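Overview (structure and organization)
What follows is each chain in one-letter form.
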Amino acid sequence: QIESNGIRIDMSYLNDAISRTAKSIKDKERELKESKLYFRWKSIYGQKAKLGSRPQLSRMIFGSKAQGGLGLAPPTEVTDRGNVKAEKDAFEHVDHPFVKTYFEIEKLRKVHSTYLMGILREVDSNGYLHPVFNNHLVATFRLSCSDPNFQNMPIRDPVMGEIIRRCFIPREGHHFGELDYVALEVRIAACYHKDPAMLRYIQDKTTDMHRDMAMQIYKLTLNEVNKMSRFAAKSYFVFAQFYGDYYVHCAKGLWKAIDRLNLKVGDTPMKEHLRKKGIKELGTCSPD
């Protein structure tokens, strides 16, 4: 029934969003190509210079001046062969306008090509989207979805979420609703391990596990915890630990979340807040 009924799309907004994101991508690419950094980039790579090349960007940002790079920041990770990793995470600690704009473009490309154009390709002549929900493919018996993957519309990234989710509108006289099973997996696990602290969090509605962890992790008072700092603690520590993630990965994720989610304490940037608490950097995260 869900597949047959479909989801109503605001076609006017969708077409406008496609045009606006395409224009924004071109404008930002022009901005980068007119920068001093890209002129240096072209002087090194010549005809092979490619703005979309992560390895080239990595050399420009992390490479020493002797290597033709700018040495703007030390690399956080290297490959087994000694090359600087070129994944997005490797650049998140680099505070440079070129890098920030570069990844804004990547994000907009994904919004434009993967999501907005994906919706446009699949929408029917009446303005309805009919994604396919598969209940026979996933080994855990969860549903999967395709054409397009309606279960994977971004929400954690506020920019992507705002652009994409506005495409979906309720039918006339109807409203969107949301069903949340409220920590179902946490409650099932508690039935087995019966941890008293966990049971207290589940049974006492005045408690909040994610809020408390945000307070400990980011050195916050109760009144300083906001929606995004709570979200960071929930996503990058609490659930990560539930599913057995390594503590070093959690530490890196929580630190990167500060820039990724633009975390603040009131009007104060989170890193400035942490500096006042004596935490100036991520550290080595050595398991030793």
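You'll find the structure just up there.
Here the structure is a predicted model, which is why all the values come from computation and not from measurement.

The next thing to look at is unusual backbone geometry. Of note, the bond from Asp147 into Pro148 is cis; its omega dihedral lies within 30 degrees of zero at -5°. Relative to the helices and strands, Pro148 resides in the loop between strand 4 (144–146) and helix 6 (158–165). Phi is positive for Asp147, close to 60°, though the residue is something other than glycine. A positive phi angle, near 50°, is found at Lys194, a position not held by glycine. Here Lys194 lies in the loop between helix 7 (184–193) and helix 8 (196–203). Classification of Lys194 by relative accessible area gives exposed; the value is 54%.

With that settled, consider the environment of Ser24. Mapped onto the elements of the fold, Ser24 is located in helix 2 (residues 11–33). Classification of Ser24 as partly exposed rests on a relative accessible area of 22%. The spacing of Ser24 and Glu104 is 80 residues in sequence and 9.8 Å in space, taken between C-alpha atoms.

This part covers helix 11 (residues 247–260). With 14 residues, helix 11 should cover 20 Å at 1.5 Å per step; its first-to-last C-alpha distance of 19 Å lies within 8% of that length. Within helix 11, burial applies to Val248, Cys250, Gly253, Leu254, Trp255, Lys256, Ala257 and Ile258. The elements touched by buried residues of helix 11 are helix 9 (209–217), helix 10 (227–242) and helix 12 (270–276). One or two steps after helix 11, the chain reaches Asn262, where phi turns positive at roughly 55°.

Here the focus is the packing of aromatic side chains. Within the structure shown, the criterion is met by 6 aromatic pairs. Consider the rings of Phe150 and Phe168, whose centres lie 5.0 Å apart with planes at 80°: the pair is edge-to-face. Of the two residues, Phe150 is situated in the loop between strand 4 and helix 6 and Phe168 in the loop between helix 6 and helix 7; the sequence distance between them amounts to 18 residues. Here Phe150 falls in the partly exposed class, since its relative accessible area comes to 26%. What links up through ring pairs into an aromatic cluster is the set Tyr38, Trp41 and Phe98.

If you trace the backbone, Thr21 turns up in helix 2. In this structure Thr21 touches Leu108, Val111, His112, Leu116 and Ile163, once residues within four positions along its chain are discounted.

So, on to the packing of helix 3 (residues 36–45) against helix 4 (residues 54–62). Across the interface, helix 3 lies against helix 4 with an axial gap of 11 Å and an inter-helix angle of 115°. One element, helix 3, and the other, helix 4, form an angle in the roughly perpendicular class. The interaxial crossing formed by helix 3 with helix 4 has right-handed handedness. Between helix 3, through Leu37, Arg40, Trp41, Ile44 and Tyr45, and helix 4, the contact on the second element is made entirely by Gln56, Leu57, Arg59, Met60 and Ile61.

Before going further, it helps to examine helix 9. Since the α-helix turns once every 3.6 residues, residues separated by three or four places project in the same direction. Of all the residues in helix 9, the buried ones are Met209, His210, Asp212, Met213 and Ala214. Where helix 9 is buried, its residues touch helix 7, helix 8 and helix 10. A side-chain oxygen of the first residue of helix 9 lies 3.1 Å from the backbone nitrogen of His210; this N-cap is Asp208. Two residues or fewer past helix 9, Lys219 is found with a positive phi of approximately 55°.

What counts and how
Along every chain, residues carry numbers that run from 1 in the direction the sequence is written. For this predicted model, a pLDDT threshold of at least 70 governs which residues receive local features, and a threshold of 80 or more governs which side-chain atom pairs are given and counted, while totals over whole chains, interfaces and linings are taken from all residues. Side-chain measures were taken over the full set of non-hydrogen atoms in the model, leaving aside hydrogen atoms and water. To qualify as a helix, a DSSP run of H or I must reach at least 4 residues; to qualify as a strand, a run of E must reach at least 2; elements of each kind are numbered from the N terminus. Residue burial is assigned from relative accessible area. The probe radius is 1.4 Å, only protein chains are included, and a residue is buried under 20% of its type maximum, exposed over 50%, and partly exposed in between. To estimate the expected span of a helix, subtract one from its residue number and multiply by 1.5 Å. Residues count as neighbours in contact if any of their non-hydrogen atoms are within 4.5 Å of one another. Classification of ring pairs uses Phe, Tyr and Trp, with its six-membered ring standing for Trp, and accepts pairs whose centres are within 6.5 Å; under 30 degrees between planes counts as stacked, over 60 as edge-to-face, and the remaining range as tilted. For every element, the axis is a line fit to its C-alpha atoms; helices are fit only across the contacting stretch, and the angle between N-to-C directions ranges from 0 to 180 degrees. For this classification, under 35 degrees means roughly parallel, over 145 means roughly antiparallel, 65 to 115 means roughly perpendicular, and everything else is oblique. The sense of a crossing depends on the near helix, which, turned anticlockwise from the far helix by less than a right angle, makes the crossing left-handed and, turned clockwise, makes it right-handed. Pairs of N or O atoms are called polar contacts if they sit within 3.5 Å, as long as, within protein, a hydrogen donor faces a hydrogen acceptor (for residues adjacent in sequence, only side-chain-to-side-chain pairs).

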